[in-house]
Amino acid sequence: MRILTFSSLFPNSVDPTHGIFVYRRTSTKAMIPGTEVQVIAPVPFAPKWTRSERWGRFARIPGTELLGRLRVHHPRYPLLPRISMPLHGLLMFLGAYALARRLHRQTPFDCIDAHYVYPDGFAAVLLGKLMRLPVVVSALGTDINLFSTFPTIRPLIRWTLNNASGIIAVSLALKRRMIELGVDENKIQFIGNGVDIELFRVVDRSHARRTLGLPEDGKILVSVASLRQAKGQQHVIAALSRIASNCPGLRLYLVGEGGYRKTLERLV
């Protein structure tokens, strides 16, 4: 089986941790005997001369690269943040269509595996319709919990879900939310994100604290996430400040990186 994975949530040589959970799932799938996977991970167009740190990263991402065993393609598409959000899926489709069609003609795919309902899933379903391929869309969280509350985006999300051949929800809460949006329950399968037990495993707590240079006594809270306002680390910090006097030795560690870092540091 040849699978085309389509998602902008995918690592690259400039940002190797971006969407790494999608990479893990995809690379594991590619290890199944008889399975071949190619990846299209679109990125917004940015001129190489830009001085913006954010857009400069996009400009440095190569058009094609090899990540592990996966061949990853990064077609460009035009994007105006916020302003073009209702057009985001269409613009992503237009930027990726020529590449997807060429890859499909070289060696036909059997299906498209899309991650993130909007804009990625929307673009993938359009590709599937033109290339006559079934499309499975994975809902990951914000794409359903937040974007479906936007009046301009909700119809596009419903269209994507209703026109996909199958839908994967990484939590039961997401499945329930999609059913509330009018999606046929029989199309949705709950498949939680897996855990690589070679990377993540239980070890002796005291040994782990000593290895990481952490105090061996007292309670520790850990939040692992991108440092973005939507992740809510600011609420954890505020809560900690209220209970710290009743919990001597309590510590909070925020593990991650992102544009909200300086705000969180000031709040601390």
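Structure's up top.
The rules behind each value
Residues numbered from 1 in each chain as written. Predicted model: local features only at pLDDT ≥ 70, side-chain atom pairs only at ≥ 80, totals over all residues. Heavy atoms only, no water. Helix = DSSP H or I, 4+ residues; strand = E, 2+ residues; numbered from the N terminus. Rg over C-alpha atoms; globule rule 2.2 N^0.38 Å. Buried < 20%, exposed > 50% of the residue type's maximum accessible area, 1.4 Å probe, protein only. Contact = heavy atoms within 4.5 Å. Areas by Shrake-Rupley, 256 points an atom, 1.4 Å probe, with all protein chains shown as cover. Pairing = 2+ DSSP bridges. Axes fitted to C-alpha atoms, helices over the stretch in contact; angles between N-to-C directions. Parallel < 35°, antiparallel > 145°, perpendicular 65-115°, else oblique. Left-handed = near helix turned anticlockwise from the far one by under 90°. Lys, Arg positive; Asp, Glu negative; His and termini not counted. Salt bridge = Lys/Arg side-chain N within 4 Å of Asp/Glu carboxyl O. Polar contact = N/O pair within 3.5 Å; in protein donor to acceptor, adjacent residues only side chain to side chain.

(A) Quick look at the overall build of the chain. When helices and strands are counted, the chain shows ten helices and twelve strands. A globule of 268 residues ought to have a C-alpha radius of gyration of about 18 Å, and the chain, at 21 Å, matches this closely. C-alpha extents for the chain along the principal axes are approximately 65 × 50 × 45 Å. Among the 268 residues that make up the chain, the fraction classed as buried is 41%. Here the contacts in the chain between residues at least 6 apart in sequence split such that 64% fall between residues at least 24 apart. Element-wise, carbon and sulfur atoms account for 56% of the exposed surface of the chain, whose accessible area totals about 15700 Å².

(B) The sheet that holds strand E1 (residues 2-6), seen in detail. Strand order in the open sheet formed by eight strands is E4-E5-E2-E1-E7-E8-E9-E10, with mixed pairing between adjacent strands. Among the strands making up the open sheet, the edge pair consists of strand E4 (64-67) and strand E10 (188-190). Within the sheet, the average angular offset between the axes of one strand and its neighbour, ignoring direction, is 25°. Where strand E8 (residues 135-139) meets strand E9 (residues 166-169), four bridges bridge the pair, whose relative direction is parallel. Bridge assignment links Val137 to a residue of E9, and that residue is Ile167. Strands E1, strand E7 (111-115) and E8 of the sheet are contacted by helix H4 (residues 117-131), whose axis makes an angle of about 175° with E8.

(C) Examining the packing of H4 against helix H6 (residues 154-163) more closely. Running from N to C, H4 and H6 cross one another at 45°; their axes reach a closest spacing of 9 Å. On the basis of their axis angle, the class for H4 and H6 is oblique. Seen along the crossing, H4 lies across H6 with a hand that is left-handed. Between H4 and H6, the residues in contact are Val117, Tyr118, Gly121, Phe122, Val125, Leu126 and Lys129 and Leu156, Ile157, Trp159, Thr160, Leu161 and Asn163, respectively.

(D) Inspection of the side chain of Lys187 at higher detail. For Lys187, the location among the structural elements is in the loop between helix H7 (172-180) and E10. It turns out Lys187 is buried and unbridged, and the closest side chain with the opposite charge, Asp184, is 7.1 Å from it. Side-chain polar atoms of Lys187 contact the backbone oxygen of Asn162, separated by 3.1 Å. Ignoring any residue separated from it by four or fewer positions in sequence, one finds Lys187 in contact with Leu161, Asn162, Asn163, Ala164, Ser165, Gly166 and Ile167.

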